Every structure is written in C-alpha cells, then in structure tokens.
Amino acid sequence: MTNVVEARNISKWYKEVIGLNNFSIEVPTGITGIVGPNGAGKSTFFKLLTGNIKTSVGELSVLGQKPWRNPSLLAHLGFCPDYDFLPPELDGREYLRFVGGLHGMEPGQMTTRVDEVLQIVNMAKDADRAMGGYSKGMRQRIKIAGSLLHNPQLLLLDEPLTGTDPVIRKEIIDLIKDLHKVHGHDIIVSSHVLHEIERMTHQVALIYKGRAVATGEISEIRQLMSDHPHNIVLEGKGMVELAKVLLTKPYTTSIELRPDRTGMFVKVDRPEDFFNAIPELVIETGCELDRMESLDDDLESVFRYLVRW
Amino acid sequence: MSPISIGLWTMLRFSARKLLQNRRWIIVVLLTVLVAAVMGYSATQDGADIDGMSNLMDFLLIAFLLPVLALIYGASMIRNEIDDRSIVQVITSPLDRRIAYLGYYFALVIVLTVLLTLATIVGGLSYLAFSPDGSGGIEVMLVFIAVQFIGVLIYSALFLVMGAKLKQPIYLGLFYIFIWEGFLGSAPGAIGSYTIRHQLRVIASEFINYGDIAHVIGDGTTSLITLIVLAIVLTSLGAFLFRELEVA
C-alpha cells in the first residue's frame, strides 16, 4: 500500500506555542480520519500539508513531494478548511468559476466541470443564489465542491461536519464515502468526534497536544479505549459489601468509599473485565445499584492516557 | 491562454470586483463630492483662474486623494483577506503566489485609476463650470490624470507591500502620507525631494504651465524613471514576501 502522506518527526511552533510536536504519521490511500480534540493540531497538520505554513523541523512529504513553496503540488490537492471563508456576494457558480480560474481551467472545460461538481455535491439547484443566503450544510457542500473542482488526487477535509445538523451530517458522510468509492479520491478527513469518523472509514489517527498518539484500524483504537484505566462511580445500597469483593479482584486498582457509604469511586485497569463481572457481583453481594458511570469513557480520557503511556 | 494567464486574469477580475463592491466606495464618493464642492466654490471667488485650478488639483488630488485612496484600498487588500481567511482559496491553488500578487497589484492599479480619474474629471468640471475663464482647463485635467496614473503605480506598490507584510499597515501608511510626505516633505532642502509627491510634481511641471506646480524644479524624465523603477522594486519585493508568507 502506498502512502499519500509521510511525516517524520515534524514539529511546528508559533513563537512559544507548539502546533505539532515531533509528529510522525504515514497516511495510506483511501479515507483516513484524523481525530483529536479542539486544539490538538489537526488544522496545523492540514496547513502544513497544503504548504500554507512550513515545518519548523522534520520531513513532510505529500504525494511524494515537499509541500512548502511548491504550488504545482496544489494541482493534486483539494483543501476544504473548517472555517467559513466564502464571499457572501458571489453565487455558488461564480465562486466555483473563481476557483477554476485559479487552477488555470479553460472556460469551456470549466463550465462542464462546474456542472459536474455541482451535481456531485447536490447543489445544482442552488448554484445561482448568492452564497450569503446559504445554510450551513449548503456552505459545506459548496466548499467541498470547490476543493474537488480540479479533480485532485488527494482531498483534505478539515472538520467538514462541524456545525451541521444530523440530517446534513449523514448526507455529507455519504458524500465523502462516495468521493472515495465512486470518484476515486484519496481523502484525509478530520473530526473531534470518533464515531463520526467511524462512519466514513476504519483507518484513523489520533492526535493529541500536537502528537500522533495512535494510528491504525479503528477496532484497535476501540480496544485502547476499553483497555485504558477507568474511574467508575458506583452509588446505591450495600456498597461496603460490594467494595470488599471488588478489592479481591485483579482488575481493581483502588477503591474510595464515600463517608456516607452510599457510593464509591472504583479505579480499574481492565474496565472490560469489570463491566462483565459486575452483574454477578451485584447478585453475589445482594447490593442494589442506583448509578454506575465511567468518568473516563470518552476520547479525551483516551488521549490523556495514551500520552502518559 | 496558459494556466498562468488564466490564473492572473482570474485574480485581477475577482480582486477588482471585490474592491469595487466594498463599502469603501461611500468614502470615495464623499471625498469626490468634497473635492468637487471645494473646486466649484473656489471657482466662484474673485481671481479664480486656471492657476488656481492647478493649485487646487495639486493639493486636493496629488497630495491628498491619491495617497489616501491608495492607502485605504491598498493596505487592506491582502491584509483583509488574511484576516478574514478568504485568502485560503488563493494560497491553496497551484497559481504561483508571485503571480497571484501581481493579480492583486494590477486590480488595485485599475480600480484606483478609474476612481481617481472620475474624481479628477468631476472636480475639474466642477471648477470649469463656475470659472469665468476655462481656457487651458482640460489640458490641466489631462495632465493630472496622467500624473495620477503614475502615482497610482507607485503608491499601490508601496501600500500593497505594507499590507502583505504588516499586521497594522494603516499606521505606517498614515505616518508616510501625513508625516513624511506632508510634514517632512514640505521642509526646505533636499529632504523634500525624497517623496513620491515631489517626484510626481516634477513630472507634472514638464507639461503644465499653470499654478505653482509649473515652477517645480527637477528633471521629469529622471523622476519618471525613478518612480517606475521604485514601483517595480516594491512590487517584486511584495511578490517575494507574499511567496514566503506563512498563513496560519
């Protein structure tokens, strides 16, 4: 499998602020999801890929070329940023003609391609309206249309689902899948929500605090999520009996009972085993559980865990 | 057409349109009305002649409207696109950034030339409409239009490069116009000649026989070459800086 992007130990800092820190990744063909919380470095990564900024150190290759000061590479890249930049006074078709002109497309070729792309993103009907009146979903579609107008090999979509409602989100997810499956584009798409990425691809990279903390199949990431230590809150009656039994189990690291004995914090290093065993333990001890909640069953916790690892 | 020509033409067309659609046209209209009102009023006063018209055009157009409009439009042209991030489309296209910069520059030159020519015509006709003796007035207007075009070339190059490099280009621009050109430029001695305004007046003096500007001393050809070379140097510098610009 060839890689569309290879980054080796790249760092990018803006004065004292670190955007990416010793970041390494290999992105194969197909759809790859870049997942990380806000401020993790996803947008910095995209800016480096498009040559908008240059790496402070390290080696970066996109489609086999260095991106900084290399405009010819941009003929093979399509970039859809996460922010809104569309000129409100232009209509969708004018905007695409502007993009096509910047890519050096001849007028005849451009007219045909603009119509094609508008069909692909399902915007043909609204293409002649001023973009200032577009909904969020329409703006995302026309941005994606602009990024694929010149039929690039690699599409970079930065948070394309942000701010969209569930219906639009589903449509954009289907569109992104089609752009790869039907139209053959390789795609790097970012999000701060893992399950959104999961609906598009199984190939993901987790970024946290400027570092790639895990890359690979989403099932492996899921495994990491279930394997990392969890802090679990239990509340109900008979907590003392339950705590005594839990302390004998190998997956329990520590237990902190609340003074009123109606709740406790349990720290476990194998949450999967804990959650499998808990029904039997409840029956065995005769306790009554009112609440059981993991405080760490979210992506942010996984990131923190992986960074410490 | 080659892809580069198409890209340059696209930049020029869309940038010029963006400049003209900007709400700053209200300022331009107000300033033009002000120029027309001042010139029309002056023409009604005793002793108003073509010398007076030439002096007013020198002051209102060359010293004020030309640099101020170039600053308002030029310094914000690229800077605003960086700030509102609409520049992303330009810097993620395969068009060489230096060519894109030329597109900005030519668009700025065209728009400023159109606006200043209109202001000159409106102001000049306003004066001539109320002046008892208008002979030579059209000639003066044409010379000022031509000199302003040269001024547009150099001021556009200057303020565009400021906007590409500085986060707050307007302050340095204001300093240049009102402190350097307006204040130090009026000082006696050689220092006064180190201004764009002075060089433009030298060029104009070669063709105008009316007003104070006709008595400015200097070689018009040298001034013209100096300004054109400076415009080329500043534009080349701006194109280079724009290529090196990191847009975070």
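Calculation criteria
Within each chain, residues carry numbers counting from 1 in the order of the written sequence. Here the convention is simple: chains get letters from A, ligands get numbers from 1, in the order in which they are written. The model is predicted, so local features are restricted to residues of pLDDT at least 70 and side-chain atom pairs to those at 80 or more, both for listing and for counting; the totals for chains, interfaces and linings are taken over all residues. Derived side-chain values reflect all non-hydrogen atoms in the structure, with water molecules and hydrogen atoms excluded from consideration. Counting from the N terminus, the helices are DSSP H or I runs at least four residues long and the strands are E runs at least two residues long. Radius of gyration: over C-alpha atoms. The globule rule applied is 2.2 Å multiplied by the number of residues raised to the 0.38 power. Partly exposed describes any residue whose relative accessible area lies between the buried limit of under 20% and the exposed limit of over 50%, with all areas from a 1.4 Å probe on protein chains only and scaled to the type maximum. Only heavy atoms enter the contact rule, under which two residues are in contact if any of them lie within 4.5 Å. Using a 1.4 Å probe, accessible areas were evaluated by the Shrake-Rupley method; residue-level cover was limited to the displayed protein chains. Charge convention: Lys and Arg are scored as positive, Asp and Glu as negative, and His as well as the terminal groups of each chain are ignored. Charged groups are reduced to one reference atom each: NZ for lysine, CZ for arginine, CG for aspartic acid, CD for glutamic acid. Each domain span listed reflects an automatic or database assignment of domains. Lining residues are defined by having an atom within 4 Å of a point belonging to a cavity or pocket. Those points lie on a 1 Å grid over the protein atoms alone, cavities being sets where a 1.4 Å probe fits but cannot get out and pockets being open sets with protein on both sides within 12 Å along at least five of seven lines. Grid points are joined across faces, edges and corners, and a volume is the space filled by probe spheres set on the points. Centres within 6.5 Å make a pair out of two Phe, Tyr or Trp rings, where for Trp the six-membered ring is used; the pair is then stacked when the planes are under 30 degrees apart, edge-to-face when over 60, and tilted otherwise. Whether a charge sits over a ring depends on NZ of Lys or CZ of Arg being within 6 Å of the ring centre and within 35 degrees of the ring normal. At least two DSSP bridges between two strands are required for those strands to pair. The axes are straight lines fitted to the C-alpha atoms, using for helices just the contacting stretch, and the angles between their N-to-C directions are given from 0 to 180°. Definition used for salt bridges: Asp or Glu carboxyl oxygen within 4 Å of a side-chain nitrogen of Lys or Arg.

Colleague: It is not clear to me how the overall build of chain B should be interpreted in this structure. Could you clarify?
Modeller: Broken down by element type, chain B carries nine helices and zero strands. Each helix and strand of chain B, ordered N terminal to C terminal, gives the series α-α-α-α-α-α-α-α-α. Computed over C-alpha atoms, the radius of gyration of chain B comes to 19 Å, within 12% of the 18 Å expected from 2.2 N^0.38 for 248 residues, which places it in the range of a compact globule. Its C-alpha atoms give chain B principal-axis dimensions of roughly 60 × 35 × 35 Å. Looking at the 248 residues of chain B, the share that counts as buried comes to 52%. The long-range fraction of contacts in chain B, counting pairs at least 24 apart against all pairs at least 6 apart in sequence, stands at 78%. Carbon together with sulfur atoms contributes 70% to the accessible area of chain B, which is approximately 11,000 Å² in total.

Colleague: Any chance you could explain the overall build of chain A here in plain terms?
Modeller: Each helix and strand counted, chain A has ten helices and 13 strands in total. The C-alpha extent of chain A, read off along each of the three principal axes, is 80 × 45 × 35 Å. Per-residue burial over chain A gives 52% buried out of 309 residues. When contacts within chain A are restricted to residue pairs at least 6 apart in sequence, those whose partners lie at least 24 apart make up 66%. Within chain A, the 42 negative side-chain charges are centred at a point lying 4 Å from the centre of the 35 positive side-chain charges.

Colleague: Hey, could you run me through the domain arrangement of chain A in this one?
Modeller: A common measure of how large an interface is: the accessible area buried when the components associate. Taken domain by domain, chain A holds domain 1 (3–223) and domain 2 (228–306). Between the C-alpha centres of domain 1 of chain A and domain 2 of chain A the distance comes to 41 Å.

Colleague: Help me understand the layout of surface pockets in this model?
Modeller: Rolled over the atoms, a probe as big as a water molecule pinpoints where empty space is left. Taken as a whole, the largest pocket holds about 560 Å³ of empty space. Considering the residues around the largest pocket, the lining is formed by 16 residues, among which Lys167(B), Leu245(B), Glu246(B), Val247(B) and Ala248(B) are closest to the centre. Elements that contribute at least two residues to the lining of the largest pocket include exactly β1 (3–14) of chain A together with α3 (50–83), α6 (137–165) and α9 (220–244) of chain B.

Colleague: Explain the packing of aromatic side chains here, please?
Modeller: The relative placement of two aromatic rings is captured by the distance of their centres and the angle of their planes. In the structure shown here, the tally under the stated rule is twelve aromatic pairs over all chains. Taking the centre distance of 6.0 Å and the plane angle of 45° together, the rings of Tyr101(B) and Phe242(B) count as tilted. One end of the pair, Tyr101(B), is in helix α5 (residues 97–130); the other, Phe242(B), is in helix α9, with 141 residues separating them in the sequence. Of the two residues examined, Tyr101(B) and Phe242(B), each falls in the buried class. Residues Tyr155(B) and Phe159(B) carry aromatic rings whose centres are separated by 6.0 Å and whose planes lie at 10° to one another, so their mutual orientation is stacked. Of this pair, Tyr155(B) and Phe159(B) both sit in helix α6, four residues apart, which is roughly one turn of the helix. Phe159(B) shares its class with Tyr155(B); the two are buried. Aromatic ring contacts, followed pair by pair, group Phe23(A), Phe45(A), Phe46(A) and Phe79(A) into a single cluster. Geometry around Tyr73(B) places Arg24(B) over its ring, the cationic atom sitting 5.0 Å from the centre.

Colleague: Just checking my understanding: could you explain the sheet that holds strand β2 (residues 17–28) of chain A for this structure?
Modeller: Remark on secondary structure: sheet strands pair via backbone hydrogen bonds, oriented parallel or antiparallel. Residue and element names in this part refer to chain A. Reading across the sheet, the three strands line up as β2-β1-β4 and stay open at both edges, with antiparallel pairing between neighbours. The open sheet is flanked by β2 and β4 (57–62), the only strands paired with a single partner. The average angle at which neighbouring strand axes cross in this sheet is 20°, direction not considered. Of the strand pairs in this sheet, β1 and β4 are connected by five bridges, and their pairing is antiparallel. The residue bridging Ser 11 from the neighbouring strand is Val 57, located in β4.

Colleague: I would appreciate a short explanation of the pattern of salt bridges in the present structure.
Modeller: Where charged atoms of side chains with opposite charge meet at close range, the side chains can pair. Residue and element names in this part refer to chain A. Tallied over the entire structure, the rule returns 24 salt bridges over all chains. Of the charged contacts, one joins Arg 93 and Asp 115 as a salt bridge, the two residues approaching to 2.7 Å between their closest N and O atoms. Placement of the pair is Arg 93 in helix α2 (residues 92–102) and Asp 115 in helix α3 (residues 107–120), with a sequence separation of 22 residues. Overall, Asp 115 belongs to the partly exposed group, its relative accessible area being 36%. Between Arg 291 and Glu 235 there is a salt bridge whose closest N-O contact spans 3.0 Å. One end of the pair, Arg 291, is in strand β13 (residues 288–294); the other, Glu 235, is in strand β10 (residues 230–237), with 56 residues separating them in the sequence.

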